[in-house]
Amino acid sequence: MTSPTGPAPRIDLHTHSTASDGTLTPAELVRAAADAGLDVLAITDHDTTAGWAPALRALPPGLRLVRGAELSCRWSGVRPEVPLHLLAYLFDPDHPELVAELTRVRAAREERGERIVALLRADGIDVSWPEILSGAAGGTVGRPHIAQALIRAGLVGSTREAFGPDWLGERYRLPKEDIDVFRAIRLVRAAGGVPVFAHPRATRRGRVVPDELIAELAAAGLAGLEADHEDHSPAERAHVRALAADLDLFVTGSSDFHGTHKTVQLGAFSTGVEAYERIVAAGVTEVASG
Ligand code: AMP
Ligand code: FE
Ligand code: FE
Ligand code: ZN
């Protein structure tokens, strides 16, 4: 991967497809990544590996695919618990305990989505759960799918607005049945994968965990921290970098691309070759080459 003379490779390690709450199919996602000039793309759908096979089949020449997922986790050290996201790369997708946990979380997401819709309907808001579920087309269902129903109903103008406090951000927000973050790190490592904390200081999304917890997660097997992400301010990025240096973790940067569910574009943020190589060296699954 390292070339002494050529330009630095473009590496985007956090993207979503229709296997969760993105709007491009896995095949469209890998083609879009090649068109955007990326050299390495990770597919990291929420709580599923369902996008891996179709992404692999459509992999364009010259693009490398890191297979991953973004696990819905929680930290129970404070009440209410803090939800957080753990990226997991290059793990065995058939590890039984991990498979069971992801299946459980996806089922709980459906139940929670249906309860959010019931709350909306109780307030006279005409959104339909069967329609939202079919909008997710078999992918992991999430609030962005409910946001689409609010947009279709003309109640909000954008996904961003749908995540405001009057809607899915607070008033109609319900917690998910997330995985305890220590258990998630243990499972990802047991499955031969590499765990990276996604957008750990994104205060604009809500509460974040203290640095002391991140130190404990590092001791439990966490490998890296996502520093460059659109939800981090420059000060938050600098903080994450300093913390990673202290804890001997690598840092990544990624777009967290969701197609038209967000405005960010593929490759908007990227990861350095050294961090990429640490992930490749530690993961049990090969990086696929197109
Ligand atoms: P859920 O996983 O159902 O709790 O929904 C969270 C997902 O909603 C995240 O993974 C993002 O894709 C998306 N999301 C969160 N906040 C926003 C926002 N302000 N604007 C657009 N999408 C958002
Ligand atoms: Fe998402
Ligand atoms: Fe996330
Ligand atoms: Zn994400």
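Residues numbered from 1 in each chain as written. Chains lettered and ligands numbered in written order. Predicted model: local features only at pLDDT ≥ 70, side-chain atom pairs only at ≥ 80, totals over all residues. Heavy atoms only, no water.

**Q** So what exactly am I meant to see when it comes to empty space enclosed by the protein here?
**A** Empty space among the atoms becomes visible once a probe the size of a water molecule is rolled across them. Per the stated rule, a full pass over the model turns up one cavity of 30 Å³ or more. Its boundaries defined by the atoms lining it, the largest cavity holds a volume of some 30 Å³. Lining the largest cavity are Arg109, Arg112, Gly113, Ile116, Trp129, Val141, Gly142, Arg143 and Ile146. Sorting the residues of the lining of the largest cavity by element identifies helix H3 (96-122) and helix H5 (143-152) as the ones contributing at least two each. If you tally residues by element for the lining of the largest cavity, the top one is H3, at four residues. (1 Å grid on protein atoms, 1.4 Å probe; cavity = no way out; pocket = protein on both sides within 12 Å on 5 of 7 lines; lining within 4 Å. Points joined across faces, edges and corners; volume = space filled by probe spheres on them. Helix = DSSP H or I, 4+ residues; strand = E, 2+ residues; numbered from the N terminus.)

**Q** How should I be thinking about the side chain of Ser20 in this particular structure?
**A** Structurally, Ser20 can be placed in the loop between strand S1 (11-12) and helix H1 (26-35). In this structure the side chain of Ser20 is engaged in a polar contact, spanning 3.2 Å, whose partner is the backbone nitrogen of His46. With near-sequence residues (within four places) excluded, Ser20 lies in contact with Asp45, His46, Gly139, Thr140 and His145. (Polar contact = N/O pair within 3.5 Å; in protein donor to acceptor, adjacent residues only side chain to side chain. Contact = heavy atoms within 4.5 Å.)

**Q** I would appreciate a short explanation of the coordination of the iron ion (ligand 2) in the present structure.
**A** The textbook angles at a metal center are 109.5 degrees for a tetrahedron of four donors and 90 or 180 degrees for an octahedron of six. Bound to the iron ion (ligand 2) on the protein side are Asp21 (OD), Asp21 (OD), His46 (NE2) and His258 (NE2), at distances that span 2.1 to 2.8 Å. One way to put it: the six donor atoms around the iron ion (ligand 2) meet at angles of 51 to 157°, and that makes the site irregular. In this structure, the iron ion (ligand 2) is positioned 5.6 Å from the iron ion (ligand 3). With His46 in strand S2 (residues 40-46) and His258 in the loop between strand S8 (250-253) and helix H10 (273-282), this pair connects stretches of sequence that are 212 residues apart. No difference in accessibility class separates His46 from His258, as the two residues are buried. (Donors = N, O, S within 2.8 Å, 3.2 Å for Na, K, Ca; no water. Tetrahedral: all angles 85-135°; square planar, octahedral: opposite > 155°, others 65-115°. Buried < 20%, exposed > 50% of the residue type's maximum accessible area, 1.4 Å probe, protein only.)

**Q** Would you explain the pairing of S8 in this entry?
**A** Within a regular strand, side chains alternate between the sheet's two faces. Where strand S7 (residues 224-228) and S8 come together, four bridges link them in parallel fashion. Within S8, the residue paired with Asp228 across the bridge is Gly253. Read as a crossover between parallel neighbours, the route from S7 over helix H9 (residues 234-247) to S8 is right-handed. (Pairing = 2+ DSSP bridges. Right-handed = clockwise from strand over helix to strand, strands pointing away.)

**Q** Please clarify how the site of ligand 1 should be interpreted in this entry.
**A** Among the 13 residues in the neighbourhood of ligand 1, the closest are listed as His46, Arg109, Arg112, Arg143 and His258. Here an oxygen atom of ligand 1 sits 3.1 Å away from a polar atom, N or O, in the side chain of Asp21. One nitrogen or oxygen atom from the side chain of His258 is found 2.7 Å from an oxygen atom belonging to ligand 1. Against a free-state accessible area of 490 Å², the protein chains account for coverage of 89% of ligand 1. In this structure, ligand 1 is accommodated by the largest pocket. Taken together, the elements giving at least two residues each to the shell around ligand 1 come down to H3, H5 and helix H6 (159-162). Residues that form the shell around ligand 1 fall into these classes: two nonpolar, four polar and seven charged. (Near = heavy atom within 4 Å. Areas by Shrake-Rupley, 256 points an atom, 1.4 Å probe, with all protein chains shown as cover. Sits in = over half its atoms within 2 Å of the grid points. Nonpolar A, V, L, I, M, F, W, Y, C, P; charged D, E, K, R; others polar.)

Treat this as a map of the structure, not an account of what it does.
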